[in-house]
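The lines below spell out each chain.
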Amino acid sequence: MNSTAPEWPLHLGCPVWACGEWAGQVYPRRTPRRKWLDWYSRTFNTVEGNSTFYAIPTTTTTRRWARQSAAGFRFCFKFPSEISHELQLVNAEGATNRFLKALEPLAAADRLGPTFLQLGKSFGPDRLRVLTRFLHTLPRDFSWAVELRHHGWFDLGDHEHRVNEMLSRHGIDKVLFDSRPLFQSPPHDEVEAESQQRKPQTPVRQTVTGKHPMLRLVGRNHVELVDRFLDQWAGIIAGWVNDGLQPYVFAHAPCDQFAPALARRLAARLQRELPQRNLTVPQPPKPASQLSLLDLSLIHISEPTRPTT
């Protein structure tokens, strides 16, 4: 199937690619689940792979993901919790090798973006040497990013400087995590309340240590409440693009149903900052019963470029 991901000057996506509530937003209505990744990868050009935090997929599975995704699309998988949280990077060679083996089909198909290591809140600056040794063992032909959650890494002093310098030296990106939109006001529903209990509130940084700044922005189910934060980040992201960097930005909402809408709002703001670029987020086609005669004539004209569903 000849299909391509959006050709934007950055990679923009959601935390998952499979969500039943996205029918009409990302997939045409009644699209079978086996087609969801194909449609998602032609709507956005990257995705967080949170499933690998819980289990390492088989190479059969990752080969299927490579086949089902559009050209130019990038998966950004999270290191398994066995490595980052249980072993805490010590004696983790076996699990790491299994994980890297699973990623090989995606790398071979040019579908792999930065793979990110999310460290737990107990992994503090006293373990910088452990982190450095582990990162040194990773293959140089992959792209890596690190998310720190212990507040000691954000001291605006020696600890923060040392880890930033180490990541820069290795060409590894620092994951920037912004949960301010989530915590700006009391929750509106049980899902937001649960998300506020679960998500960390680490200090927000704009630090760039590699070529692919990675931003994970956690919003609200009422996505309009995030607008002032989107306005702040749009200028920063546009600056990265203008500096020749290739950012990865992920829009989170407490309920995944609202993540695409949040990503679209950010794309609209980036379009204003980068007027010379096309940052249009594609919409799935409407069901025939909702189309006007003009819509039908346009679909008839453009149908050869549309993959079947």
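Up top is the structure these notes are about.
Reference entry: report on the structure contained in this document. (Residues numbered from 1 in each chain as written. Predicted model: local features only at pLDDT ≥ 70, side-chain atom pairs only at ≥ 80, totals over all residues. Heavy atoms only, no water.)

**Topic: the overall build of the protein chain**
- Looking only at helices and strands, the protein chain has eleven helices and eight strands in total.
- Rg of the C-alpha trace for the protein chain: 20 Å, near the compact-globule value of 19 Å for 309 residues, within the 12% margin.
- Judged by the C-alpha coordinates and their principal axes, the protein chain covers about 65 × 45 × 40 Å.
- Out of the 309 residues belonging to the protein chain, those deemed buried represent 53%.
- Counting only contacts in the protein chain whose residues sit at least 6 apart along the sequence, the fraction spanning at least 24 positions is 81%.
- Here the protein chain holds 38 positive side-chain charges and 30 negative ones, and the gap between their average locations is 4 Å. (Helix = DSSP H or I, 4+ residues; strand = E, 2+ residues; numbered from the N terminus. Rg over C-alpha atoms; globule rule 2.2 N^0.38 Å. Buried < 20%, exposed > 50% of the residue type's maximum accessible area, 1.4 Å probe, protein only. Contact = heavy atoms within 4.5 Å. Lys, Arg positive; Asp, Glu negative; His and termini not counted. Charge placed at Lys NZ, Arg CZ, Asp CG, Glu CD.)

**Observations regarding the pattern of salt bridges**
- Counting across every chain of the model gives 17 salt bridges.
- With its nearest N and O atoms 2.8 Å apart, the salt bridge here joins arginine 216 to glutamate 48. With arginine 216 in strand E7 (residues 214–218) and glutamate 48 in strand E2 (residues 46–49), the pair connects residues that are 168 residues apart, well separated along the chain. Judged on exposure class, the residue arginine 216 and its partner glutamate 48 are both buried.
- Between glutamate 147 and arginine 216 there is a salt bridge; the shortest N-O distance is 2.7 Å. With glutamate 147 in strand E5 (residues 144–147) and arginine 216 in strand E7, the pair connects residues that are 69 residues apart, well separated along the chain. Residue glutamate 147 shares its accessibility class with arginine 216, and that shared class is buried. (Salt bridge = Lys/Arg side-chain N within 4 Å of Asp/Glu carboxyl O.)

**Some thoughts on the environment of glycine 124**
- The topology assignment puts glycine 124 in the loop between strand E4 (115–118) and helix H5 (128–137).
- When its relative accessible area of 0% is taken as the criterion, glycine 124 is described as buried.
- Each C-alpha atom of the pair glycine 124 and arginine 98 lies 26 Å from the other, and the pair is 26 residues apart in sequence.
- Ignoring sequence-local partners within four residues, the contact set of glycine 124 consists of His150 and Trp153.

**Digging into the pairing of E7**
- Within E7, five of the five residues are buried, leaving the element largely enclosed by the surrounding structure.
- Neither face of E7 is open: one carries Met214, Arg216 and Val218, the other Leu215 and Leu217, and all of them are buried.
- Note that strand E6 (residues 173–178) and E7 share four bridges and pair parallel. For phenylalanine 177, the partnering residue across the bridge sits in E7 and is arginine 216.
- Examined bridge by bridge, E7 and strand E8 (residues 248–252) share five bridges and lie parallel to one another. By the bridge assignment, valine 218 is partnered in E8 with histidine 252.
- Between E7 and its parallel partner E8, the chain crosses via helix H9 (residues 227–242), and the hand of that crossover is right-handed. (Pairing = 2+ DSSP bridges. Right-handed = clockwise from strand over helix to strand, strands pointing away.)

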